[in-house]
Amino acid sequence: MMLHKSLPAICTTVGQDRVSFISTGSGISTVLPWWRLDHIVASVKPDLRHRDYGNALLRAIDDLSNMLEAGPPTLSDRHP
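What counts and what doesn't
- Residues numbered from 1 in each chain as written.
- Predicted model: local features only at pLDDT ≥ 70, side-chain atom pairs only at ≥ 80, totals over all residues.
- Heavy atoms only, no water.
- Helix = DSSP H or I, 4+ residues; strand = E, 2+ residues; numbered from the N terminus.
- Buried < 20%, exposed > 50% of the residue type's maximum accessible area, 1.4 Å probe, protein only.
- Contact = heavy atoms within 4.5 Å.
- Areas by Shrake-Rupley, 256 points an atom, 1.4 Å probe, with all protein chains shown as cover.
- Core = buried A, V, L, I, M, F, W, Y, C linked by side-chain atoms within 4.5 Å.
- Expected span 1.5 Å × (residues − 1).
- Salt bridge = Lys/Arg side-chain N within 4 Å of Asp/Glu carboxyl O.
- Axes fitted to C-alpha atoms, helices over the stretch in contact; angles between N-to-C directions.
- Parallel < 35°, antiparallel > 145°, perpendicular 65-115°, else oblique.
- Left-handed = near helix turned anticlockwise from the far one by under 90°.

Draft legend 1. Layout of the overall build of the protein. Each helix and strand counted, the protein has three helices and two strands in total. Counting from the amino terminus, helix and strand elements in the protein follow one another as β-β-α-α-α. In the protein, buried positions account for 28% of the 80 residues. Once local pairs closer than 6 in sequence are excluded, the contacts in the protein between residues at least 24 apart make up 49%. Only carbon and sulfur atoms are counted for the fraction: they give 56% of the accessible area of the protein, which is about 5,900 Å².

Draft legend 2. Structural context of the nonpolar core. Ranked by internal contacts, the top residues of the largest apolar core, which has 13 residues, are Ile22, Leu32, Leu37, Ile40, Val44 and Leu64. Elements that contribute at least two residues to this core include exactly helix H1 (34-49) and helix H2 (53-70).

Draft legend 3. Seen up close, H2. Between its terminal C-alpha atoms H2 stretches 26 Å, which fits the 26 Å expected from 18 residues at 1.5 Å a residue. Directly after H2, the chain includes Gly71, whose backbone phi takes a positive value near 85°.

Draft legend 4. Geometry of the side chain of Asp63. The topology assignment puts Asp63 in helix H2. Once residues lying within four places of it in the same chain are set aside, the contact partners of Asp63 are Ile40 and Ser43.

Draft legend 5. Geometry of the pattern of salt bridges. Scanning the entire structure with this criterion turns up one salt bridge. Residue Asp47 pairs with Arg59 through a salt bridge whose shortest N-O separation is 2.9 Å. On the criterion of sequence distance, the pair formed by Asp47 in helix H1 and Arg59 in helix H2 is long-range, its members being 12 residues apart. For Asp47, a relative accessible area of 11% translates into the label buried.

Draft legend 6. Region of the structure containing the packing of H1 against H2. It is at 8 Å that the axes of H1 and H2 come closest, and there the two elements cross at 160°. Compared by their axis directions, H1 and H2 come out roughly antiparallel. For the pair H1 and H2, the crossing hand works out as right-handed. Residues Arg36, Leu37, His39, Ile40, Ser43, Val44, Asp47 and Leu48 of H1 form the contact with H2, whose participating residues are Tyr53, Asn55, Ala56, Arg59, Ala60, Asp63, Leu64, Met67 and Ala70.

Draft legend 7. A look at the environment of Trp35. Positionally, Trp35 belongs in helix H1. In this view, Trp35 contacts Pro73, Thr74, Asp77 and Arg78; residues no more than four positions away in its chain are not counted.

Draft legend 8. Representation of unusual backbone geometry in the model. One non-glycine residue, Arg51, lies in the positive phi region at around 60°. Within the fold, Arg51 resides in the loop between H1 and H2.

In structure tokens, the structure reads:
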């Protein structure tokens, strides 16, 4: 499998600053706009707070996979 540079990359900083984010390439922004990424980060924060980093990573990968499979979001996806 050849990875393209625009595929999402998970970038998480865990520590006293408690900053978590996901960075993506511009080629995937139509499928993963910022607000979808915010949803993923919010969904993993409880695991990160409990220092369950493995589960947080698996949850993020699962959420990313589901969103990539679903394709570009609709307007109703933004305001569930």
